[in-house]
Amino acid sequence: MPTACNLHNYILMSTAIKVDNLGKKYIIQHQQQSCYQYTSLGESLSRGFKNLSKSLLHPIQGDTSLENTEEFWALKDINFEIKHGDRVGIIGRNGAGKSTLLKILSRITHPSTGNIIINGRVSSLLEVGTGFHPELTGRENIFLNGAILGMRKHEIKKKFDEIVDFAEVVKFLDTPVKHYSSGMYVRLAFAVAAHLEPEILIVDEVLAVGDAQFQKKCLGKIEEVGSEGRTVLYVSHNMGTISQLCNRSILLRSGLLNKIGTTDDCIQHYLNNTTENKSASSTIRKPTSRQKLIINSIQIIDSNGIIDNSHPALLEIRYETLTIGTSYSISFELSNISSGIIFTSSTLDLRPNVELGNHDKIGEYIAISYLPTQWLLSGTYSIRVAATIPAVEILDIFPEEITFTLHDSSSPVAILGEGRRGVIAPRLDWKIEKPCV
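Quantities reported herein were computed from a predicted structural model and do not represent experimental measurements. (Residues numbered from 1 in each chain as written. Predicted model: local features only at pLDDT ≥ 70, side-chain atom pairs only at ≥ 80, totals over all residues. Heavy atoms only, no water.)

(A) Layout of the sheet that holds strand S6 (residues 200-203). The strand order S5-S6-S7-S3-S8-S9 describes an open sheet built from six strands, whose pairing is mixed. Here the strands that pair on one side only, and so sit at the sheet edges, are strand S5 (122-125) and strand S9 (256-262). Neighbouring strand axes in the sheet, compared pairwise and without regard to direction, differ in orientation by 15 degrees on average. Of the pairings in the sheet, the one linking strand S8 (residues 248-253) to S9 comprises six bridges and is antiparallel in character. (Pairing = 2+ DSSP bridges. Helix = DSSP H or I, 4+ residues; strand = E, 2+ residues; numbered from the N terminus. Axes fitted to C-alpha atoms, helices over the stretch in contact; angles between N-to-C directions.)

Right under this line is the structure:
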């Protein structure tokens, strides 16, 4: 019979991550003046002296600037337990608290409340370049990251060639990573995170920054890590990928734990309780100094207001070029929760007949495509949109996917007593003839 102490240790060791009453609070300070109001240096100095004199004349009142602050709970009352070998998807809308949770579990951010127990070495890939020193070369950063994970030099050397081959950066291995493109950054960062044999691998959707072939390699590696009995936490807006990779999921909503359970149940709950159709999305986005293109909005336009399979629907993507380029491409990915990715398409489909992508002026453009809804089964679908320089790098990924429910406008077709089955539902041309006698 195991003792109480041994039983307690066994329970702890079978648990990879245990979270109790986790919360993360931020203090938001509101500015009274408009963010568009310009202030001269003289006015700023004058205001500073006035505030100083007030604090000296009225020391009891103290600093009144605290009156313009409020508490914001990015996470609150989060409780869950993850076993070793679980592959857990973390889903929810933007602002739900997904990235905050991963940063806390990766020990990048400290929680405001609660306790966390983690059994095992954690390797995280949360943002482009996380854990990399920009002045060091790719080779040096591999050894630096391995050391941070607690690995010895000979252990890192054993995995070194495998990491370099996977990342496809052998030509730039001795170049400082500050000169890497975002795609190269992520390829090397993921290769390091996945190959240095962590017991727990945490991956945010930064993985989407890369070409389609490399994404496929990454997803295969994540599946391999999970099959080896290691624990994986994966954040993605792509429900098809979450469904493919994860056996369990956590659904967050406005910083609260909304549901935990099987991935299919969590995804269905997420889709049912957001909005049935979120067929348009736009957001005010601030481009980075190095960004060449930014996507501003995506929407599905249908003349009837109901998306059905009686005729194609129109997909409209608005984007803005920030530099002149001749090889920009806009693409989208159509998925559903049961079958994953259905297909992808891009403006490259117009070539070579049309010289698309010749953006000779900086400014706003609109890319338009038709969704072949008449080929799809009824159900819930999602669309992700990205902009790329083909075979070079991903320029931008729109932060939100749009979802829509497709209705079947025709009567169900009887096939073995059921409706249409499969991934797609093409209406094919049939012909019935009598045989020649």
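Additional details are given in the paragraphs that follow.
(B) Quick look at the packing of aromatic side chains. Using the criterion set out here, one finds seven aromatic pairs in the structure. Site record: aromatic cluster; members linked through ring pairs are Phe132, Tyr180 and Tyr185. The lysine or arginine in question, lysine 24, covers the ring of tyrosine 26, its NZ or CZ lying 5.2 Å from the ring centre. One residue, lysine 217, lies across the ring of phenylalanine 166, its end atom 4.5 Å from the ring centre. (Phe/Tyr/Trp six-rings, centres within 6.5 Å; stacked < 30°, edge-to-face > 60°. Lys NZ or Arg CZ within 6 Å of the ring centre and 35° of its normal.)

(C) Layout of a nonpolar patch on the surface. Nonpolar side chains collect at one region of the surface, where Trp375, Val423, Ile424, Leu428 and Trp430 lie side by side and expose about 580 Å² of accessible area between them. Position of leucine 428 among the secondary structure elements: in the segment after strand S18 (402-406). (Patch = residues over 30% accessible without salt bridge, like charges linked within 9 Å, V, L, I, M, F, W, Y side chains within 5 Å. Areas by Shrake-Rupley, 256 points an atom, 1.4 Å probe, with all protein chains shown as cover. Salt bridge = Lys/Arg side-chain N within 4 Å of Asp/Glu carboxyl O.)

(D) Structural detail: the pattern of salt bridges. In this structure the tally under the stated criterion is eleven salt bridges. Two residues, lysine 25 and glutamate 71, come together in a salt bridge whose shortest N-O distance is 3.4 Å. With lysine 25 in strand S1 (residues 15-29) and glutamate 71 in strand S2 (residues 69-83), this residue pair connects regions lying 46 residues apart in the sequence. Counted as one network, the salt bridges with shared partners bring together Lys18, Asp20, Glu81 and Lys83.

(E) Region of the structure containing the environment of valine 164. Inspection of the secondary structure puts valine 164 in helix H5 (residues 153-167). Looking at valine 164, the relative accessible area reads 6%, which means it is buried. Distance from valine 164 to arginine 187, taken between C-alpha atoms, is 9.4 Å for residues 23 residues apart in sequence. (Buried < 20%, exposed > 50% of the residue type's maximum accessible area, 1.4 Å probe, protein only.)

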